[in-house]
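# Understanding the architecture of this molecule
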Amino acid sequence: QVQLVESGGGLVQAGGSLRLSCAASGRTFSSYAMGWFRQAPGKEREFVATISWSGGSTYYARSVEGRFTISRDNAKNTVYLQMNSLKPEDTAVYYCAAGVYGNLMREYDYWGQGTQVTVSS
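Structural notes, computed from the coordinates. What you are looking at is a predicted structure, and each value in this text was computed from that prediction instead of being measured.

## A word on the side chain of Thr91
The topology assignment puts Thr91 in the loop between strand 8 (78-83) and strand 9 (92-99). Within the local environment of Thr91, its side chain forms a polar contact with the backbone oxygen of Pro88, the two atoms lying 2.9 Å apart. Setting aside residues up to four positions removed in sequence, Thr91 forms contacts with Ala40, Gln116, Val117, Thr118 and Val119.

## Topic: the nonpolar core
Grouped together as the largest cluster of nonpolar side chains are 35 residues, with contacts concentrated most on Leu4, Met34, Trp36, Leu81, Met83 and Tyr94. Counting residues per element, the ones that place at least two in this core are strand 3 (18-24), strand 4 (33-39), strand 5 (46-51), strand 7 (68-73), strand 8, strand 9, strand 10 (108-111) and strand 11 (115-120). Counting residues per element, this core draws most heavily on strand 9, at five residues. With residues up to four places along the chain from it excluded, the contact list for Leu81 reads Leu18, Arg19, Leu20, Trp36, Val48, Ala49, Phe68, Thr69, Ile70 and Tyr94.

## A few points about the sheet that holds strand 7
On the basis of which strands lie adjacent, the open sheet formed by four strands has the order 1-3-8-7 and antiparallel pairing. The outermost strands of the open sheet, each flanked by one partner alone, are strand 1 (4-7) and strand 7. Taking the axes of each pair of neighbouring strands and ignoring which way they run, one obtains an average angle of 15° across the sheet. In terms of strand pairing, strand 3 meets strand 8 through six bridges, oriented antiparallel. Paired with Ala23 across the strands is Thr78, a residue of strand 8.

## Quick word on unusual backbone geometry
The backbone of Asn77 shows a phi angle near 55°, a positive value even though the residue is not glycine. The residue Asn77 is located in the loop between strand 7 and strand 8 in this model. In this structure, Ser85 takes a positive phi of about 50° despite not being glycine. Relative to the helices and strands, Ser85 is located in the loop between strand 8 and strand 9.

Conventions we followed
- Residues numbered from 1 in each chain as written.
- Predicted model: local features only at pLDDT ≥ 70, side-chain atom pairs only at ≥ 80, totals over all residues.
- Heavy atoms only, no water.
- Helix = DSSP H or I, 4+ residues; strand = E, 2+ residues; numbered from the N terminus.
- Polar contact = N/O pair within 3.5 Å; in protein donor to acceptor, adjacent residues only side chain to side chain.
- Contact = heavy atoms within 4.5 Å.
- Core = buried A, V, L, I, M, F, W, Y, C linked by side-chain atoms within 4.5 Å.
- Buried < 20%, exposed > 50% of the residue type's maximum accessible area, 1.4 Å probe, protein only.
- Pairing = 2+ DSSP bridges.
- Axes fitted to C-alpha atoms, helices over the stretch in contact; angles between N-to-C directions.

Here it is in structure tokens:
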């Protein structure tokens with residue numbers, strides 16, 4: 001079992017930055033790939049980024065590539081999402097998830113409760 005708790009969301013102006021954190025419980029954190037997904041009002045949850053268990057591989061949605069960076073610290077059981085050059089269309093609830101390396105929701109077994117990110121224009 002892995003429990004995930006996101007933090008770091010908030011309100012930011014367009015062009016600004018935020019760093020999301022996701023703290024995991026359990027000693028098996030380092031064996032999971034970690035992903036970030038987001039869900040905007042009235043829309044389906046969508047993939048944002050994923051990182052392999054070692055941190056050696058990452059993959060991003062085209063809409064965030066070059067602006068967002070996913071990283072992890074296995075010693076701290078934490079995964080991060082650095083978000084730069086934020087746009088109003090990045091407004092969503094952001095979820096972290098633990099599972100296998102991929103961009104599909106069904107590849108992730110454990111989910112956090114989400115943190116709200118709001119980007120004002």
